Amino acid sequence: MKKVIVLLLLAAFGYYLAATFFYIDFGISHFTNGVRDYYLAHTVNGLSVANTVTSIVVSFRGFDTLGEVTVLFLAASALGSILYKRRHKYEERVVLFPSSRIVQAGSKLLFPAIILLGVYVFIHGHLSPGGGFQGGTIIATGFLLMLLAYQDYHVSHNILSIVESMAGILFVTFGLLGFIGGGTFLENFLPVGELGDLFSGGVVPIIYILVGFKVGAELTGVIYTVLNEKDI
Amino acid sequence: MVGSPVLFIAIPLLAAFIIPLLGMIWKESVRILPGLVLVYLLTLSINLLGYVLDNGPIIEIIAGWTPPWGINLVFSAFSGFLVTLMLFLGLLVWIYSYRFKRNVDFEPAKKYFILLMMLITGSVGIVLTGDIFNQFVFIEIVGISAYALTAFYTGRDSAEASFKYLIMGSLSAGFLLLAIVILYSQLGTLNMADIARNIHTVKPVYKITALIFFIVGLGIEAEMFPLNGWAPDVYSQAPGPVGAAFAGIVVKSGVYAIIRIVYTIFDIEGAFDFLVIIGLITLLFAETAAIKQIRMKRMLAYSSIGQMGLVLVAFGIGTEAGVFAALFLMFNHAIIKSLLFYAGSYLVFNSKEKYINDVSGLGKSMPITSFLFALGAFAIVGLPPFAGFWSKLYFLIAAADSGMIMIIALILIVSIVEIVYYFRVVNKIYFSKKEAHVVPQRPTFNALFSMIVLGLIVIIIGFFPDLITGILHDASRDLMDKTDYINNVLSITH
């Protein structure tokens with residue numbers, strides 16, 4: 001009986017949600033005074049950034065990005081503190097099926113390529129699709145591959161911690177430099193350069209590269225913590 | 001001007017990223033640095049609040065984009081008052097827990113202080129921001145820190161409480177995001193002032209759906225009935241100071257967000273009546289549940305929910321007097337409930353099941369803690385001459401001015417219930433025979449310091465309410481003046 005009521009309530013809610021969202025014209029331009037046109041115009045003219053998504057993420061709404069980076073940092077910290085008592089020593093990690101030679105050799109070959117792709121994606125975040133979050137995630141998958149292939153592969157927690165802390169500190173520092181140089185937090189204080197050049201967009205690519213380092217280090221840390229979790 | 005509101009976010013974030021590095025060199029720094037940051041921010045916010053009361057609100061834009069294109073922070077009398085209150089309580093939580101975690105390993109202790117600092121920063125950010133999506137990001141920051149701090153003892157029960165909170169919190173985040181999507185799809189902007197200016201052009205169906213989703217999403221954070229199922233578990237399982245931080249800081253930011261949405265962003269009159277009704281239900285439900293509790297912290301948790309219901313009723317009155325009373329109630333609840341959590345968790349410190357019965361006869365062996373608990377209990381039920389009396393009095397006056405006689409009667413009946421369960425505990429502490437198996441626990445110097453500061457505030461505000469009413473009047477006037485808010489934010493130039 002209880003289940004039926006729950007199902008009915010869920011169905012009613014689902015219908016309401018669907019009926020509301022069905023009539024919103026997503027993707028059709030009907031904003032009379034929204035932020036869209038301003039963003040499109042100022043990405044190219046004001047910031048010399050070729051990728052509008054990047055300019056929104058890093059400049060117009062850079063404060064949100066700082067917040068999201070912090071959320072990730074906190075999630076990684078929280079995981080570390082909760083799983084602290086269940087952490088293995090490095091040698092003790094047990095794998096049910098050790099990887100075969102082919103997987104190991106292939107991983108070794110792929111690893112540098114994956115890292116290179118990740119680095120490329122976050123360095124060119126302001127020019128092409130992608131950016132810090134995506135590049136960082138790609139790098140973390142590279143480490144995941146190595147951790148899965150080699151039972152004794154280990155990453156230094158201290159180095160990961162230093163990389164993520166330094167990236168975070170530099171992010172906030174660039175924000176504060178903008179505060180000193182331009183008058184508001186995270187404001188661009190460097191020359192914006194030529195549209196389409198690698199060195200363009202002022203602080204936008206620098207911040208996105210820092211985000212890439214931070215996300216890469218944090219996700220690697222999360223994967224490593226979870227892989228080293230002890231079974232009880 | 002002495003500083004900028006953006007420092008309230010930037011400095012703690014910088015510190016949170018520095019702590020892991022500094023901790024490698026000097027272990028004690030992970031405890032000291034958050035305290036230094038909180039002291040600095042508290043002085044900054046007191047200075048800014050003084051400036052704001054004389055010169056009007058400070059609007060801080062970020063990344064050089066003026067509203068509605070960029071994100072902005074608003075430090076006005078209303079938000080400034082709450083920020084100062086939160087940072088003050090945060091500082092006390094830090095002082096209280098400075099030695100509390102001595103027996104814990106370095107690694108979890110480091111994480112504890114980072115998470116605690118980010119819990120406070122996130123709450124401050126929710127109050128300061130002038131952008132609904134930015135508010136969502138800060139709610140995420142508060143949420144993640146809160147889940148982790150709840151599970152800090154890594155026991156079975158605390159994991160369960162944390163998981164419950166996680167599920168509820170994620171659900172609320174989903175609702176919030178849907179509400180933001182609806183508003184953005186209709187107006188093409190995320191800035192609160194810009195939305196408030198144009199909200200009358202939105203079709204009622206979208207407006208009401210968005211409002212419902214906002215209230216559901218934020219109601220979980222603000223302990224609103226029936227979305228508060230997480231609260232008793234979380235309060236009873238989290239470490240003592242963290243419970244005080246939830247009651248004093250996190251819940252306040254949730255209530256602030258609801259109030260900002262109802263008062264400033266939406267122009268729906270019915271929302272005020274809704275606040276009154278839902279507040280009353282929350283109050284009745286929580287106080288009847290509180291009287292049945294046999295465990296100390298669960299009782300305090302239900303009492304905290306009830307107080308939040310009262311605050312929602314006061315905001316729902318919708319007049320300036322109502323807002324004034326609500327802010328006074330919030331202030332008192334933050335101070336007194338923190339005191340009760342600190343003193344209460346020491347009273348049941350060595351009791352295994354944390355039963356209320358275990359405090360029997362502790363009045364002689366723990367005189368100061370017992371006295372402070374009794375002080376808090378008298379103050380929260382509204383006995384003169386303590387701080388809680390004035391806020392309840394102003395609340396009843398505000399309700400009477402608006403002709404809500406039924407509500408007054410209900411509130412007075414509920415107050416009697418409150419008196420019953422608080423006095424039962426005080427009675428046990430002083431007039432019952434001591435339970436043999438409970439060993440009294442001496443509070444640490446830091447804990448004693450925090451409790452005595454709070455106790456002094458309760459007494460001082462009780463005798464001299466004028467110390468706080470001036471600023472509360474400014475804050476409530478600031479919240480009521482919606483056009484002023486919109487004009488201030490949208491007229492800012494870089």
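Conventions and cut-offs
- Residues numbered from 1 in each chain as written.
- Chains lettered and ligands numbered in written order.
- Predicted model: local features only at pLDDT ≥ 70, side-chain atom pairs only at ≥ 80, totals over all residues.
- Helix = DSSP H or I, 4+ residues; strand = E, 2+ residues; numbered from the N terminus.
- Contact = placed C-beta atoms within 7 Å.
- Nonpolar A, V, L, I, M, F, W, Y, C, P; charged D, E, K, R; others polar.
- Axes fitted to C-alpha atoms, helices over the stretch in contact; angles between N-to-C directions.
- Parallel < 35°, antiparallel > 145°, perpendicular 65-115°, else oblique.
- Left-handed = near helix turned anticlockwise from the far one by under 90°.
- pLDDT = per-residue confidence, 0-100.

Asks: Summarise the environment of B:Leu412; cite the residues concerned and give the values.
Replies: Considering the arrangement of structural elements, one finds B:Leu412 in helix H17 (residues 405-431). When the C-alpha positions of B:Leu412 and B:Lys27 are compared, they lie 52 Å apart, and in sequence the two are 385 residues distant.

Asks: So, the interface of chain A and chain B: which residues are in play, and what are the values?
Replies: In this assembly, 45 residues from chain A lie in contact with 42 residues from chain B. Where the side of chain A that touches chain B is concerned, the elements lending two or more residues are helix H2 (36-45), helix H3 (52-60), helix H4 (62-82) and helix H7 (157-181) of chain A. Broken down by element, the residue count for the side of chain A that touches chain B peaks at 15 residues, all from H4(A). For the side of chain A that touches chain B, a count of residues per class yields 21 nonpolar, 18 polar and six charged.

Asks: Describe the environment of A:Asn51, naming the residues involved and giving the relevant values.
Replies: Residues and elements named next belong to chain A. Relative to the helices and strands, Asn51 is located in the loop between H2 and H3. As a C-alpha pair, Asn51 and Tyr38 span 13 residues in sequence and 15 Å in three-dimensional space. Excluding residues within four positions of it along the chain, Asn51 makes contact with Gly125, His126, Leu127, Ser128 and Pro129.

Asks: An account of the packing of helix H3 (residues 77-97) of chain B against helix H18 (residues 445-463) of chain B is requested, with residue identities and associated values reported.
Replies: The description of two packed helices rests on the angle between their axes and on the distance between the axes. Residues and elements named next belong to chain B. Where H3 contacts H18, the axes come no closer than 7 Å and their chain directions differ by 150°. Of the possible angle classes, the one that applies to H3 and H18 is roughly antiparallel. Regarding H3 and H18, the two cross each other, and that crossing is left-handed. Seen from H3, the contacting residues are Leu92, Ile95 and Tyr96; seen from H18, they are Asn446, Ala447, Phe449, Ser450, Val453 and Leu454. Its residues assigned to classes, the contact of H3 with H18 comprises seven nonpolar, two polar and no charged.

Asks: Explain the confidence of the model for chain B residue by residue, including any values.
Replies: Taken as a whole, chain B shows an average pLDDT of 89; of its residues, 98% reach a score of 70 or greater. Predicted as a complex, the structure gets a pTM of 0.94 and an ipTM equal to 0.92.

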